[in-house]
Amino acid sequence: MSSTLLVYLHGFRSSPRSSKAVMTGEAVKALASAENTIDWYCPQLLASPKQSMAMVTKYIDQSKADRIVVIGSSLGGFYANYLAEKYGCKAVALNPAVRAARELAPHVGMMTSYDSNEPFDLRPEYIDELKTLQVEGISRPNRYFLIAAKGDELLDWREMSDFYKGAKQLILEGSDHGIADYADHLPRVLEFISP
């Protein structure tokens with residue numbers, strides 16, 4: 001019997017209630033069996049990157065799972081790089097912000113979450129925290145699966161593709177930052193993360 005800890009990290013201003021998180025969670029739970037148990041961990045990330053990663057790494061460190069897999073969307077993809085390098089585990093990056101500090105620096109100030117309109121403060125020190133979590137290059141490309149949309153209105157798919165050179169890549173014609181057609185690509189994700 002084997003056990004997998006599957007960590008899903010949502011994007012900036014998003015939540016565990018995002019459509020990709022919910023869809024992935026339901027599909028992953030359906031994969032669980034008597035031979036392979038799956039611990040699904042999809043936390044609400046905090047405004048502070050440092051606190052977010054402290055919370056997630058604490059959960060991972062306390063896990064008794066045989067293997068870890070991380071899936072991250074946008075800013076969550078940036079965090080997935082950090083965790084995959086730290087733990088030597090597989091990671092799926094969905095339209096990841098490969099340079100999150102640069103992307104978020106112009107947005108410092110008060111923001112609201114997409115699905116709850118709850119306000120939060122993106123502080124200047126959070127940009128510095130992102131810089132300390134930056135992965136400059138992935139060490140083992142075979143551990144990574146990138147899904148990038150050419151139609152991403154926020155991030156450049158070419159930068160993503162270059163960053164994950166040598167990794168498994170699915171470059172989507174069109175689509176958008178949220179990967180509206182994610183359900184079509186979920187089987188590929190499940191195939192990649194399966195033991």
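Above this text is the structure in question.
The text that follows walks through the structure, step by step, so that each part is easy to find. Quick caveat: nothing in here was measured; it's all calculated off a predicted structure.

## A closer look at the overall build of the chain
And then number 1: Across its full length, the chain holds seven helices and eight strands.
And then number 2: Rg of the C-alpha trace for the chain: 16 Å, near the compact-globule value of 16 Å for 195 residues, within the 12% margin.
And then number 3: Dimensions along the principal axes, computed over C-alpha positions, put the chain at roughly 50 × 40 × 35 Å.
And then number 4: Here the chain holds 195 residues, and the buried ones make up 50% of them.

## A look at the sheet that holds strand β4 (residues 90–94)
And then number 1: Strand order in the open sheet formed by six strands is β2-β1-β3-β4-β7-β8, with parallel pairing between adjacent strands. Because the sheet does not close on itself, it has two edges, and the strands there are β2 (36–41) and β8 (168–172). With direction set aside, neighbouring strand axes in the sheet form an average angle of 15 degrees.
And then number 2: Relative to β4, strand β3 (residues 67–73) runs parallel, the two being bridged by five bridges. Bridging across to β4, Val69 finds its partner in Lys90.
And then number 3: The strands touched by helix α1 (residues 19–31) within the sheet are β1 (2–9), β2, β3 and β4, with β2 carrying the most contacts at an inclination of about 160 degrees.

## Section: the pairing of β1
And then number 1: Where burial is concerned, most of β1 is hidden: seven out of the eight residues are buried.
And then number 2: The pairing of β1 with β2 spans six bridges and is parallel. Across the sheet, Ser2 pairs through a bridge with Asn36, a residue of β2.
And then number 3: In this fold, the crossover linking β1 to β2 by way of α1 has right-handed handedness.

## A word on the pattern of salt bridges
Any two side chains of opposite charge can pair, given that their charged atoms come close.
And then number 1: Applying the stated rule across the entire model yields nine salt bridges.
And then number 2: Across the salt bridge formed by Arg102 and Glu103, the nearest N and O atoms sit 2.7 Å from each other.
And then number 3: With relative accessibility at 46%, the residue Arg102 sits in the partly exposed group.
And then number 4: One salt bridge in this structure joins Asp121 and Arg123, with 3.8 Å as the shortest N-O distance.
And then number 5: Judged by its relative accessible area of 32%, Asp121 falls in the partly exposed class.

## Focus: the packing of helix α2 (residues 49–62) against helix α3 (residues 75–87)
And then number 1: Direction vectors running N to C along α2 and α3 enclose 40 degrees, while the axes themselves pass 12 Å from each other. Taken together, the axis directions place α2 and α3 in an arrangement best described as oblique. You can see that α2 and α3 cross each other, and the crossing is right-handed. Taking contact as the criterion, the partners of Pro49, Ser52, Met53, Val56, Thr57, Ile60 and Asp61 in α2 are, on α3, Tyr79, Tyr82, Leu83, Lys86 and Tyr87.
And then number 2: Grouping the amino acids of the contact of α2 with α3 by side-chain chemistry returns eight nonpolar, two polar and two charged.

## Some thoughts on the nonpolar core
And then number 1: By size, the foremost hydrophobic cluster in this structure holds 42 residues, and its most contacted members are Leu9, Val56, Tyr79, Leu130 and Tyr164.
And then number 2: With 23 residues, the next largest nonpolar core counts Val69, Leu94, Phe145 and Leu186 among its residues.

## A closer look at the side chain of His177
And then number 1: Inspection of the secondary structure assignment puts His177 in the loop between β8 and α7 (182–193).
And then number 2: According to the relative accessible area criterion, His177 is buried, its value standing at 12%.
And then number 3: In this structure His177 touches Ser74, Asn95, Asp152, Glu153, Leu154 and Leu155, once residues within four positions along its chain are discounted.

Definitions and cut-offs
Residue positions are given per chain, counted from 1 along the sequence in the order it is written. Whole-chain, interface and lining totals are the exception, using all residues; otherwise, since this is a predicted model, local features are given only for residues with pLDDT of at least 70 and side-chain atom pairs are given and counted only at 80 or more. As a rule here, side-chain values come from all non-hydrogen atoms in the structure, and water together with hydrogens is ignored. Each helix corresponds to a stretch of at least 4 residues labelled H or I by DSSP, and each strand to a stretch of at least 2 residues labelled E; elements are numbered beginning at the N terminus. For the radius of gyration, the atoms used are the C-alpha atoms, and the globule rule reads 2.2 Å times the number of residues raised to 0.38. With a 1.4 Å probe rolled over the protein chains alone, any residue whose accessible area is under 20% of its type maximum counts as buried; one over 50% counts as exposed, and the rest are partly exposed. Two strands pair if DSSP finds at least two bridges between them. To obtain an axis, a line is fitted to C-alpha atoms, over the contacting stretch when the element is a helix, and the angle between two such axes runs from 0 to 180 degrees between their N-to-C directions. When checking whether two residues touch, look at their non-hydrogen atoms; a contact exists if any pair is within 4.5 Å. By convention a crossover is right-handed if, when the strands point away from the viewer, the path from the first strand over the helix to the second runs clockwise. When a carboxyl oxygen of Asp or Glu is within 4 Å of a side-chain nitrogen of Lys or Arg, the pair counts as a salt bridge. Each angle gets one of four labels, with under 35 degrees taken as roughly parallel, over 145 as roughly antiparallel, 65 to 115 as roughly perpendicular, and the rest as oblique. If you view the pair so one helix is near and one far, a crossing is left-handed when the near helix is turned anticlockwise from the far one by less than a right angle, and right-handed when it is turned clockwise. Any residue outside Ala, Val, Leu, Ile, Met, Phe, Trp, Tyr, Cys, Pro, Asp, Glu, Lys and Arg is labelled polar, Gly included; the first ten of those are nonpolar and the last four are charged. Think of a nonpolar core as a cluster: buried Ala, Val, Leu, Ile, Met, Phe, Trp, Tyr and Cys residues, connected wherever their side-chain atoms sit within 4.5 Å.

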